[in-house]
Amino acid sequence: MMRITLNVILRAMFGADGAELERLREILPGAIKLGSTLSLVPVPQWDWGRWSPWGRFYRNRREYDGSEELLHATILEVQRTRPVIDVTFRQVKAPTLEIGPWTLLKGQTVVASIGLLHADETVFPDAHRFDPDRFLARPPDPAEWIPYGGGIRRCIGAAFATMEMRVVLRTLLRDYAISPSSARDEGFRSRGVTIAPACGARLTVAPRPRTPSA
Ligand code: HEM
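Position numbers for residues count from 1 along each chain, tracking the sequence in the order it is written. Thresholds applied to this predicted model are a pLDDT of at least 70 for local features of residues and 80 or more for the giving and counting of side-chain atom pairs; totals over whole chains, interfaces and linings are not thresholded and use all residues.

The next subject is the overall build of the protein. Only runs of H or I of at least four residues qualify as helices and only runs of E of at least two qualify as strands under DSSP, and these elements are numbered from the N terminus. Helix and strand content of the protein: six helices and eight strands. Its helices and strands taken in sequence order, the protein reads α-α-α-β-β-β-β-α-α-α-β-β-β-β from the N to the C terminus. Working definition of burial: number of other C-beta atoms within 10 Å of the residue's own, with buried at 20 or more, exposed at 12 or fewer, and partly exposed in between, all C-beta atoms being placed from the backbone. Burial status across the protein gives 7% buried among its 214 residues. By the convention adopted here, residues make contact when the C-beta atoms placed from their backbones lie within 7 Å. Looking at the protein alone, contacts between residues at least 24 apart form 52% of all its contacts between residues at least 6 apart.

Set out below in structure tokens:
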């Protein structure tokens, strides 16, 4: 019964299938058992190597985290270079508001440009280059990476949207090899509130050979 439940969770929630599903099914039951035992003892400050319980725990986690980290970094970089929403607005409620050299008055509207901040070379060096590695080295600063806005009105669907992107991308990449078309630098068009690729994001897609799974 537990095995069936684990299968369902790995397939439905994490989009795992084929060889990856097999590997996760091997790693996880032992890792959960080991993790529950280890949670009762202090985390050691040194590495006892691959045959120690903590060494095995970290090795399993590194194996799983490696591909997840790159996938997540890629999603972060896509949202930096192509934010779905380009601007967000705030209205001044206090009698006055100082921002840098400006004094704004009650009732004035401020437009915060998500696109301009993400393209700012002083914030993201080599900003026009698509480079997911920049987020492998350091997670995004919530004051600099703002595709979901910020502060108390930040998008409430951010975590859900991220989870959706992870599941959709993992599922697509599992079944298809995806590469860009020969056209470069596709522009964007407005869809009202959101912006989208001008030509619908054309890709070259080829089915991947499937690895049989139980
Ligand atoms: C990639 C997907 C999404 C992006 C890029 C996005 C982006 C944004 C942005 C920029 C804001 C304005 C935040 C601000 O002014 O600081 C916002 C607000 C909001 N979003 Fe999203 N959003 C996404 C998905 C979703 C989803 C899936 C939901 C619901 C399940 C959602 C619900 C909301 C709501 C309710 C607000 C208004 C929050 C408020 O005013 O307090 N969004 N979103």
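Taking burial as the measure, the five residues of strand β5 (residues 176–180) include zero buried ones, a minor fraction of the element. Here, a strand pair is defined by DSSP locating no fewer than two bridges between the strands. With five bridges connecting them, β5 and strand β8 (residues 203–207) associate as antiparallel partners. The residue bridging Ile178 from the neighbouring strand is Val205, located in β8.

Right, let's get into the site of the ligand. As used in this record, a residue near a molecule or strand is one whose C-beta atom, placed from the backbone, is within 6 Å of it. Contacts to the ligand come from 15 residues, most closely from Thr88, Gly149, Cys155, Gly157 and Ala161. When residues are sorted by character, Ala, Val, Leu, Ile, Met, Phe, Trp, Tyr, Cys and Pro go into the nonpolar class, Asp, Glu, Lys and Arg into the charged class, and all the rest, Gly among them, into the polar class. Each residue belonging to the shell around the ligand can be placed in one class, and the counts come to eight nonpolar, five polar and two charged.

When you line up the elements, Phe130 lands in the loop between α4 (114–118) and α5 (134–137). Its 12 C-beta neighbours within 10 Å are what place Phe130 among the exposed residues. Once the C-alpha coordinates of Phe130 and Arg82 are considered, the two residues, 48 residues apart in sequence, prove to be 9.9 Å apart. If near-sequence neighbours (up to four positions away) are discounted, Phe130 is found in contact with Glu77 and Thr81.

Turning next to unusual backbone geometry. The residue Asp126 is not glycine, and still its phi comes out positive at about 60 degrees. Within the chain, Ala201 stands out as a residue other than glycine whose phi angle is a positive 55 degrees. Structurally, Ala201 can be placed in the loop between β7 (195–197) and β8. Note on Ala201: 12 C-beta atoms within 10 Å, which makes it exposed.

Its location among the elements puts Ile146 in the loop between α5 and α6 (158–175). Other than its neighbours up to four places away in sequence, Ile146 contacts Ile114 and Leu117.

Within the secondary structure, Arg191 is located in the loop between β6 (188–190) and β7. Using a count of 9 C-beta atoms within 10 Å as the deciding quantity, one classes Arg191 as exposed. With 106 residues separating them in the primary sequence, Arg191 and Ile85 have C-alpha atoms 10.0 Å apart.

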